[in-house]
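# Coordinates in review
Listed here are the chains, written in short residue letters.
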2 protein chains.
Amino acid sequence: MGKNAIVGQSGGPTSVINASLAGVFESCKSRGADIVYGMCNGVAGLLEERVVDLSPLLTDDLDIELLKRTPSSFLGSCRYKLPDWHTDEAVYKKLFAILEKLDIGCFFYIGGNDSMDTIGKLAEYGECIQSDIRFMGVPKTIDNDLMVTDHTPGYGSAAKYIGVVMKEIIRDATVYGTKYVTVVEIMGRNAGWLTAAAALAKSDDCEGVDMICLPEVPFHVEHFIEKVRVMQEKKPSIVIAVSEGVKLEDGRYVCELADDVHAVDAFGHKALTGTARYLANVVARNLDTKTRCIELSTLQRCAGHLTSRTDITEAYQVGGAAVKAAFEGVTGQMVALKRISNSPYQCTTELHPISEVANLEKKVPLSWMNEDHTQMTEDFLAYARPLIQAELTPLYIAGLPHHIYMKPQK
Amino acid sequence: MGKNAIVGQSGGPTSVINASLAGVFESCKSRGADIVYGMCNGVAGLLEERVVDLSPLLTDDLDIELLKRTPSSFLGSCRYKLPDWHTDEAVYKKLFAILEKLDIGCFFYIGGNDSMDTIGKLAEYGECIQSDIRFMGVPKTIDNDLMVTDHTPGYGSAAKYIGVVMKEIIRDATVYGTKYVTVVEIMGRNAGWLTAAAALAKSDDCEGVDMICLPEVPFHVEHFIEKVRVMQEKKPSIVIAVSEGVKLEDGRYVCELADDVHAVDAFGHKALTGTARYLANVVARNLDTKTRCIELSTLQRCAGHLTSRTDITEAYQVGGAAVKAAFEGVTGQMVALKRISNSPYQCTTELHPISEVANLEKKVPLSWMNEDHTQMTEDFLAYARPLIQAELTPLYIAGLPHHIYMKPQK
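Residues numbered from 1 in each chain as written. Chains lettered and ligands numbered in written order. Predicted model: local features only at pLDDT ≥ 70, side-chain atom pairs only at ≥ 80, totals over all residues. Heavy atoms only, no water.

Worth spelling out the cut-off: UniProt positions are given in the numbering used here, feature names are shortened, and annotations may be inferred rather than shown by experiment.
Under an unreviewed UniProt entry, the name given to chain A is Pyrophosphate--fructose 6-phosphate 1-phosphotransferase, and the source organism is Faecalibacterium prausnitzii. Recorded under Sequence similarities (unreviewed entry), the UniProt text for chain A is reproduced unchanged: "Belongs to the phosphofructokinase type A (PFKA) family. PPi-dependent PFK group II subfamily. Clade 'B2' sub-subfamily." Turning to chain A, the UniProt annotation filed under Cofactor (unreviewed entry) states: "Mg(2+)".

## What about the sheet that holds strand β9 (residues 290-295) of chain A?
Residues and elements named next belong to chain A. What counts here: Here a strand pair is declared whenever DSSP counts at least two bridges between the two strands. Numbering of helices and strands runs from the N terminus; a helix is a DSSP stretch of H or I covering at least four residues, while a strand is a stretch of E covering at least two. A fitted line through C-alpha atoms serves as each axis, taken over the contacting stretch for helices, and the angle formed by two N-to-C directions is quoted from 0 to 180°.
The strand order across the open sheet formed by four strands is β7-β8-β6-β9, and the pairing between neighbours is parallel. Looking at the sheet topology across the chains shown, the edges are occupied by β7 (211-213) and β9. For this sheet, the mean angle separating the axes of adjacent strands, direction not counted, is 20°. Of the pairings in the sheet, the one linking strand β6 (residues 180-186) to strand β8 (residues 237-243) comprises seven bridges and is parallel in character. Looking at β8, one finds that Y180 is bridged to S237.

## Quick word on the interface of chain A and chain B
Often the size quoted for an interface is simply the accessible area lost on bringing the parts together. Our working definition: Working rule for contacts: check all heavy atoms of both residues, and any pair within 4.5 Å makes them a contact. Two parts placed together each lose some accessible area under a 1.4 Å probe, and the buried area is that loss summed for both. Salt bridge, as used here, is a side-chain nitrogen of Lys or Arg placed within 4 Å of a carboxyl oxygen of Asp or Glu.
In this complex, chain A contributes 60 residues to the contact, which on the side of chain B involves 60 residues. Of the roughly 4,800 Å² buried where chain A meets chain B, counting both sides, 56% is carbon and sulfur surface. It is E168, Y176 and L400 of chain A that lose the most area in chain A upon contact with chain B, and together they represent 14% of the buried surface on that side. Where chain A packs against chain B, one counts two salt bridges.

## As for the relation of the copies chain A and chain B
Rules: Fitting of the copies onto one another was done by least squares over C-alpha atoms, counting residues only where both copies have pLDDT of at least 70.
If you rotate chain A by 180° and push it 0.0 Å along the axis, it lands on chain B with an RMSD of 0.0 Å. In the structure described here, the two chain copies are related by an operation that fits a two-fold rotation axis. Taking the C-alpha atom as reference, chain A places E295 of chain A closest to the rotation axis, 3.6 Å from it.

## Notes on the state of the cysteines
The condition is simple: By convention in this document, the label disulfide applies to cysteine sulfur atom pairs within 2.5 Å.
Inspection of the entire model under this criterion finds zero disulfides over all chains. The thiol sulfur of C40 of chain B is not disulfide-bonded, and the nearest other cysteine sulfur, from C78 of chain B, lies at 11 Å. C206 of chain B carries a free sulfur, and the closest cysteine sulfur to it, the one in C302 of chain A, is 12 Å from it.

## Observations concerning helix α8 (residues 221-234) of chain A
For an α-helix, 3.6 residues make a turn, and residues three or four places apart therefore share a direction. Residue and element names in this part refer to chain A. Worth spelling out the cut-off: Multiply 1.5 Å by the residue count of a helix minus one, and that product is the helix's expected span. Note on exposure labels: buried denotes an accessible area under 20% of the residue type's maximum, exposed denotes more than 50%, and partly exposed covers the range between, all computed with a 1.4 Å probe on protein chains only. In this description, the arc belongs to the directions extending from the helix axis to the C-beta atoms.
Taking 1.5 Å per residue as the helical rise, α8 with its 14 residues ought to reach 20 Å, and the 21 Å between its terminal C-alpha atoms agrees with that figure. Buried within α8 are the following residues: V221, F224, I225, V228, M231 and Q232. Down the axis of α8, the buried set is contained in an arc of 130°. They therefore lie on one face. In α8, those exposed residues whose orientation departs by more than 90 degrees from the buried face are E222, E233 and K234. Of the surrounding secondary structure, the elements contacted by the buried residues of α8 are β6, β7, β8 and α9 (275-286).

## Quick notes on the UniProt feature "site: Important for catalytic activity and substrate specificity" (unreviewed entry) in chain A
Residues and elements named next belong to chain A. This chain's UniProt record puts "site: Important for catalytic activity and substrate specificity" (unreviewed entry) on D114. Structurally, D114 is set in helix α5 (residues 113-128). Assessed through its relative accessible area of 18%, D114 is described here as buried.

## Here we look at the UniProt feature "binding site: diphosphate" (unreviewed entry) in chain A
Residues and elements named next belong to chain A. Under the UniProt annotation, "binding site: diphosphate" (unreviewed entry) lies at G12. Turning to its location among the elements, G12 is positioned in the loop between β1 (4-9) and α1 (17-30). Here G12 falls in the buried class, since its relative accessible area comes to 13%.

The following block contains the structure:
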């Protein structure tokens, strides 16, 4: 087996993806890896041989602590999808030649379901050419839409961010005591886990959000307006959490009803934006009320100043568990989180074949919503609450959280 | 003089307006006020005699500490503007009758320049009818646009929030290493203090924002596009902070160039929104780059989870200073902050007649920008940096910041 290890980050960043990088790095070092390389911009950068030796960049415990507190992907990211190796082998030959040259024994990729597709293909090709490199997936996504794992690292911090800011938005929205409808747009293309997290705002000191609209539930614009009208008869300020991905029964996204141009990303996904704006405008036109829309936008995934310590700890653990497995000979698997109990909350790791994860999406079970699909039930809250517990205070320097930062590699 | 005091909150909420309420309440109590009343929804609520005795709501030190950590207006707010008493005396007669009935000696109003207009009118009318009630203004606004005060309570926390999230957005925007223009829309109708705070993101570990567009500087769409094009030749990811209030040379708001409907608030202000969206679309149409827009929206003024301890402390102090002045016989004045020195930062309070404040706006001096008006200078940073120093950690319960909360009074 090669003496060195390599690790990359892929897909959308999270607040805790660097904690997984820290877990991979420290575990590789403690298990005797000679050099731990980082891919710059994931597999796309690796194909251009843009790699860094991580040891000079992470020299002491302070660097590791900063890495755990630095949002977004320290190594940079990519949205590169590997071709099918049966039809296009050249890319694979190039990648494996680079890995051989770097004397790589273990390959770790931190990402979501698109990234697990990469691990699956590399492991399969590696087996086919009888390479002894081990390929392991480390889960990461704020979307919480990966199969087999109880939840994904990154979700807990995003859920905590959403719960906290919804509570603050509700506090803000009620001050005038006048009729006001606030529509808050939350990320989540097909799975409503993040939008569901708005339910966490409800607490002794907060009434919580008045309606939750998940992409799992077909959306009716007229029913929506009628529900708002009825709610506003009882209280003037209504706060609604709506997924960017809510769709009509005919499959069109609600945001497509607006007139804006929509782009398509590298994976062919439509850019979803404007759902809350559209709905706020529709409500204003149909009901006698002021409205506003708020898009939580990028801050959901990069708010390093407000993370869940539980999430950071687990993100670090899945990195370490991937290294343990790879050093023990495992390949083509992803580390998953397995919940042992809710009270007290206990969670461990296990391994699953990539084929159970790649390119699949886990949706929110509708049994975790009330009958008319406007609120989450206590079952969902029992699931989500443990994931947002405790904080990891940033290291503030001169009033700002300090980050660890790698200048872009040429 | 009446044995009791009354305090109200008015205008847009901030993260620290309740710290001023705490300062007024505790100082009134310690100076011997019998009852300290709170107006529910400011003067508008007072006219309906909706007042509460604050003592049963704030019973111990924990309540006061929670109040300092609770964003938005504990008492509720209003955007009610008093008529001119020369032409419409009825409202004044009603208000003074209510104040007499409540045996009020001192009246405190926490708000911005619109709210100071209320204090000015009440003090003037009071003098005219020889009332001995003292009327004092306590400054508050995230906009930092009040005259005579070095800065306003509320600005420091909003500026800290903006500095922190801009740093996180920059961290997020660079991960793919691809061409990307991020336009971030920040509050501030006519004064660019909040947008200028984006400059605080620049630090050892962050390159900072690439361009800052203040409403004080006439905006040219074509020049803007050209500047972005030139910047993007040197680095792929460009992050721009733009005020919601940027205007063309002919006085039209940039957001008016978009097609959306615009509402008007109770003070006749146009609702400004869509500036960043419009500019991101214009850049995408003219340059070969991906773009995105982010509106910081309400979170700028209600992020109680991320405040400046310096700001909280000063917000409390101006409340106390207003009480001291009123109990010593002063009326018709506003407490202002006066900076003694920058290094070490020292700040005290002083009094100014309301006429120097009400209905006026303080702009950002253009001498605090570079020559082409795209960046803030070191002079601005020396002014702003002390205001974002230190943190006041929320009291987290079950993963969420705990607030103190008054159920809406009927």
